[in-house]
Amino acid sequence: MSFIKPKFRHPRLPTNALGFTVADYDGAISTLCAGCGHDSISAAIRNACFKSALEPHRIAKVSGIGCSSKMPTYFLGRSHGFNSVHGRMPSVATGASLANRNLTYIGVSGDGDTASIGMGQFIHLIRRNVNMTYIVANNGCYGLTKGQDSATADLGSVSKGGAANPFDGIDLASLAVLQGASFVARSFSGDKDQLEPLIRAAMAHDGFAFIDVVSPCVTFNNHAGSTRSYGSTRDHLDAMPVDFVPVREEIRAEYAEGTSHAVTLHDGSVIHLLKADAGYAADDRTGALTAIRSAQQDRRILTGLLFLDPNSRDLNDTLELASRPLNELGKDELCPGSKMLDSINEGLR
Amino acid sequence: MPCNFCILSATAMDSGCALTKTSLGMDVYRRTLDSWFMRGVELKPTNTGDPEYFHKVVDCQYACPAHTPVPQYIRLIAQQRYSDAYLVNWESNVFPGILGRTCDRPCEPACRRGRVEEEPVAICRLKRVAADFKDDITPRLPKAGPGNGKKIALIGGGPASLTVARDLAPLGYELHLYDAQAKGGGFMRSEIPSFRLPEKVLDEEIGYVLDMGIKARFDTYVDSMQAILDKHYDAVFVGSGAPRGRNLPDLSGRDTADANVHIGLDWLANVAFEHVKTIGKRVIVLGGGNTAMDCCRTSRRLGGQDVKVIVRSPFEDMKASPWEKEDALHEGIPIIDNHVPRTFVIEDGKLTGMTFEKVKPVYDKDGHRELVPTGEEPAFYPCDDVLIAIGQQNAFPWIERSTGVNFDAHGLPVLNKVTLQSTRPDVFFGGDAAFGPENIITAVAQGHQAAISIDLYCTGKDLTARPAPDVTLVSQKMGIHEWSYDSAPTEDLRLTVPLADLDRALEDRKLEVELGFDLDAAFVEAERCLNCDVQTVFTADTCIECDACTDICPTSCINFIANGPEDDLRTRLAVPAIEPEQALYVSGPLETGRVMVKDEDVCLHCGLCAERCPTAAWDMMRFTYSVTKATPNLMEVG
Ligand SMILES: Cc1cc2nc3c(=O)[nH]c(=O)nc-3n(C[C@H](O)[C@H](O)[C@H](O)COP(=O)(O)OP(=O)(O)OC[C@H]3O[C@@H](n4cnc5c(N)ncnc54)[C@H](O)[C@@H]3O)c2cc1C
Ligand SMILES: Cc1ncc(C[n+]2csc(CCOP(=O)(O)OP(=O)(O)O)c2C)c(N)n1
Ligand code: SF4
Ligand code: SF4
Ligand SMILES: [Mg+2]
């Protein structure tokens, strides 16, 4: 078993606008099971940060508990990170985002971490529109504790022990749309062509960006009868491809009229929804819910950008906090002295 | 419009852009004429059943003319199994101790390590480690076989003839070896100076061959091929080398200066056999090849104090290996380039120096070089002696044209390039005598082939039906994530071989300059080997396309993409594959219709792809490739 990834890299690795190669966004070698979907998500996050040329030291990774929540160790080894307790990452993320609004926050959680123990916290992230990317690596089970059904497991999905799940699963994407999330997407760990642009768009989005990623647990939930295996997911995948064009990049691909639908983000970046009939309106909350629902009824897993409100106001704006990060404010700014107090008091007389 | 890679035609794509992804809702046509046409140019799955595919991945072994299984012996060194490492070499290249000191090492520029790091593995000097630290291996060497009634003559006792002898002796051939010199070894003994190759090493390894019952006739110059043929040998092998050194007969003053002007080849042989023991204080060596380097370094040891190499070509274009030039510079010998010799300057009937025309290289657009005079005054360099080391030629004054052995316009024998058979069916050539001056390892490789041909010829078989190489492919899996080899590449940089004290070395012509690695250094150096013979073997049927291998691969080798013609495929990899010499490993179609494409170029053979694969679609399998010799299974090394 290898515990270290060799230092050697391809001598002709491309560099991004900062002069970094993708290797500069690597983390420690993964200790997850070989073939775990989570590792693919880690790689997608790494690739997305590389492609978007984010500075590693301006990124903070936050997570809870679970195999999925271990992921941040395995990417962005030069970024900040906080591995919180089970289901409590949202509080940590909220606090961090308020303390330093200038970092890019990437939250990584599992279906257990989010939909069971962390549900109460998760919902408030949405409500407050905390400026972060929140990825759920959704494998329909508690991988770390050996594969018990999670709250997102589909009705009838057969566990490794052979029992069919008697409960309807919680659909986190629908929940997020319903609860008013400003960016909601779904993807599959095995579809980096779609997942990477979605993560890049989520990181560019101002506000809470939620991505529910089907991520097969190769050890406990990849057998026949499981609805979240590699095979079953591929069989039922209904992928809406997307492309992400950041604001400073010149537009490479052009899509003929009527074949795509472009959504411009707050910062000027563009997401292209490559669905030829352009029938999918990503800014229609009710339409999104209906589309997800009808896909579910057809046993399709609809992936892509499901909903986006590009004009959302994140928590810092809603609270009208200083534009400079709070952690940068010094004593003089926070405690302006008796003169200022006097003048305020004067204004209240 | 047709898309250039995915064999589909689609509207709503920009023209043939390889980056545009097929997307939902796009109008895609599968059965257009174009798409049928394109289908034919998709890359076919790699045929790993062809022994040459994996052989080529073992860069060093592939580059070695004798295809020595380099990674195998390097691992044996790391395991402290020096005798086994030696015998693996001996089977393949016959002279591990000699080659471990003198080989031209075409393996090293080919070594994969040189593509991911500064320097290749010190393959050659590890070979020497095996030779230096082995136990007595004589009991394990093959013996002459029971006589088969056939007699073979070998003309010349250099590495080519000795290899033929070694390969044929176990089959029971009676081998008569003729050499004009007093001892065996050919140029290895007469030309390569003792400070690079001690006599003890030569005697030992030449002895291993001669001790297989070879009937050697030394001090016997063969002056007539016909006389040999008249002795009714079943076959004759000519391994007489390229013995004639080029001269500068037309240069003014050449004849008058003759007493102090020497042909490098002859002079080195005279030094080796101790006919010459001194040289003047000021020496000019003409030439830029390895012979020139040996001449100048030998001069330093025979009393030459002001020794210079003066060469026509620019320093970078010199024929000498970089390390030979370094060694000369290290011994205080300046190399003066871009100087063309013009005259030997004579005063009072005695050589006092030479004049040179200064030139500069001019390259045309095809890279052809011309040396153009700079127009400056000719340069004068004083000297007492001149050594001419400007090239080497074949000469076969002793082979009568009436024997039916034909020669071409350049004086080289007309040969079948594979069988090495001459125009006279029972006469074969190999080594420098065959295609002009090369090196020891080439002579050995040709010796193996000539031995096969001679055996086929003597047993009345078809010479063109060459025996296939012996190949095996065995999984190295020991446990779930455990391999039988040190899969993790180490990060140590190449070690340099320690040298003897310079002053002492210059006093004693026989003192070996390179001291060789000690065992600690040998282990560190051996661990730098990337085990390129442990192959990444992919089974498409079991792949679930989880991407784990792509994600973990440190050097971004593995891709899952749409198939296409090779040129296009190469541009679409995570890191474009720009080295056409390095193969792409392509699978058959997977579930999603894509294929796995691995660029072999900078794979570290670290096994991480196989470790991360949940279905064992990747396996690390050791590939052995052994050039079949006239005597198969010469050695058993586990
Ligand atoms: C100065 C110098 C340094 C070199 N250094 C290296 C080195 O470091 N590494 C390397 O790989 N190569 C080196 N070479 C090249 C290498 O020595 C030759 O390529 C190699 O020895 C060729 O082997 P061979 O068996 O073809 O013939 P040779 O080694 O040339 O042997 C031919 C033998 O045949 C004998 N012979 C010739 N004609 C007759 C005849 N008619 N009757 C009887 N005997 C005859 C000769 O006396 C000689 O002994 C060097 C060459 C020179 C000149
Ligand atoms: C407070 C608390 N309760 C329970 C656990 C046990 N536990 C560890 S991981 C886990 C579930 C993880 O499931 P999920 O978030 O889906 O991650 P996965 O391993 O599937 O990626 C549980 C219940 C815990 N660590 N802490
Ligand atoms: S147990 Fe499942 S979720 Fe956890 S690392 Fe293994 S495959 Fe991934
Ligand atoms: S052995 Fe596998 S993981 Fe390692 S470098 Fe080669 S392809 Fe990549
Ligand atoms: Mg889970």
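Here, every reference points to the structure presented above.
Residues numbered from 1 in each chain as written. Chains lettered and ligands numbered in written order. Predicted model: local features only at pLDDT ≥ 70, side-chain atom pairs only at ≥ 80, totals over all residues. Heavy atoms only, no water.

**Student:** Outline the pattern of salt bridges, supporting the account with residue identities and numerical values.
**Tutor:** Summed over all chains, the structure comprises 60 salt bridges over all chains. For the salt bridge of A:D39 with B:R612, the shortest nitrogen-to-oxygen distance reads 2.6 Å. Placement of A:D39 in helix α1 (residues 37-51) and of B:R612 in helix α23 (residues 608-612) is noted, with the two residues assigned to different chains. Accessibility classification places A:D39 together with B:R612 in one group, the buried group. One salt bridge connects B:E199 with B:R189, and the closest N-O pair in it is separated by 3.9 Å. In this pair, B:E199 sits in helix α12 (residues 199-210) while B:R189 sits in helix α11 (residues 187-190), placing the two residues 10 residues apart along the sequence. The class for B:E199 is partly exposed, based on a relative accessible area of 35%. Here the residues in one salt-bridge network are A:R12, B:D59, B:R112, B:R115 and B:D601, joined through shared partners. (Salt bridge = Lys/Arg side-chain N within 4 Å of Asp/Glu carboxyl O. Helix = DSSP H or I, 4+ residues; strand = E, 2+ residues; numbered from the N terminus. Buried < 20%, exposed > 50% of the residue type's maximum accessible area, 1.4 Å probe, protein only.)

**Student:** Quick one: what's the story with the site of ligand 2, residue by residue and with numbers?
**Tutor:** All names here are of chain A. Taken together, 17 residues lie around ligand 2, and C67, S68, D111, D113 and G143 are the ones closest in. Between an oxygen atom of ligand 2 and a side-chain N or O atom of S68, the distance comes to 2.8 Å. D113 places a polar main-chain atom, nitrogen or oxygen, 2.7 Å from an oxygen atom of ligand 2. Bound to the protein, ligand 2 loses 72% of the 590 Å² it would expose on its own. When residues of the shell around ligand 2 are traced back to their parent elements, those giving at least two are α2 (67-70), α4 (111-115) and β5 (141-142). Top contributing element to the shell around ligand 2 by residue count: α4, with three residues. A class-by-class count of the residues in the shell around ligand 2 yields six nonpolar, nine polar and two charged. (Near = heavy atom within 4 Å. Polar contact = N/O pair within 3.5 Å; in protein donor to acceptor, adjacent residues only side chain to side chain. Areas by Shrake-Rupley, 256 points an atom, 1.4 Å probe, with all protein chains shown as cover. Nonpolar A, V, L, I, M, F, W, Y, C, P; charged D, E, K, R; others polar.)

**Student:** Explain the coordination of the magnesium ion (ligand 5) to me, using residue names and the numbers behind them.
**Tutor:** Octahedral metals with six donors have ideal donor angles of 90 or 180 degrees. Tetrahedral metals with four donors have an ideal donor angle of 109.5 degrees. Residues and elements named next belong to chain A. D111 (OD), N139 (OD1) and C141 (O) make up the full set of protein donors to the magnesium ion (ligand 5), lying at 2.1 to 2.2 Å. Each donor residue of the magnesium ion (ligand 5) belongs to the same chain, and together they define the spacing D-x27-N-x1-C. Taken as a pair, D111 in helix α4 and C141 in strand β5 lie far apart in primary sequence, 30 residues in all. For the pair D111 and C141, one class covers both residues: buried. (Donors = N, O, S within 2.8 Å, 3.2 Å for Na, K, Ca; no water.)

**Student:** I'd love a proper account of unusual backbone geometry, names of residues and values included.
**Tutor:** Residue and element names in this part refer to chain B. The phi angle at Q80 is positive, at roughly 60°, despite the residue not being glycine. Structurally, the position occupied by Q80 is in the loop between α4 (70-78) and α5 (82-93). For D219, which is not a glycine, the phi torsion comes out positive at approximately 55°. Residue position: D219 is located in the loop between β5 (215-217) and α13 (225-229). Classification of D219 by relative accessible area gives exposed; the value is 57%.

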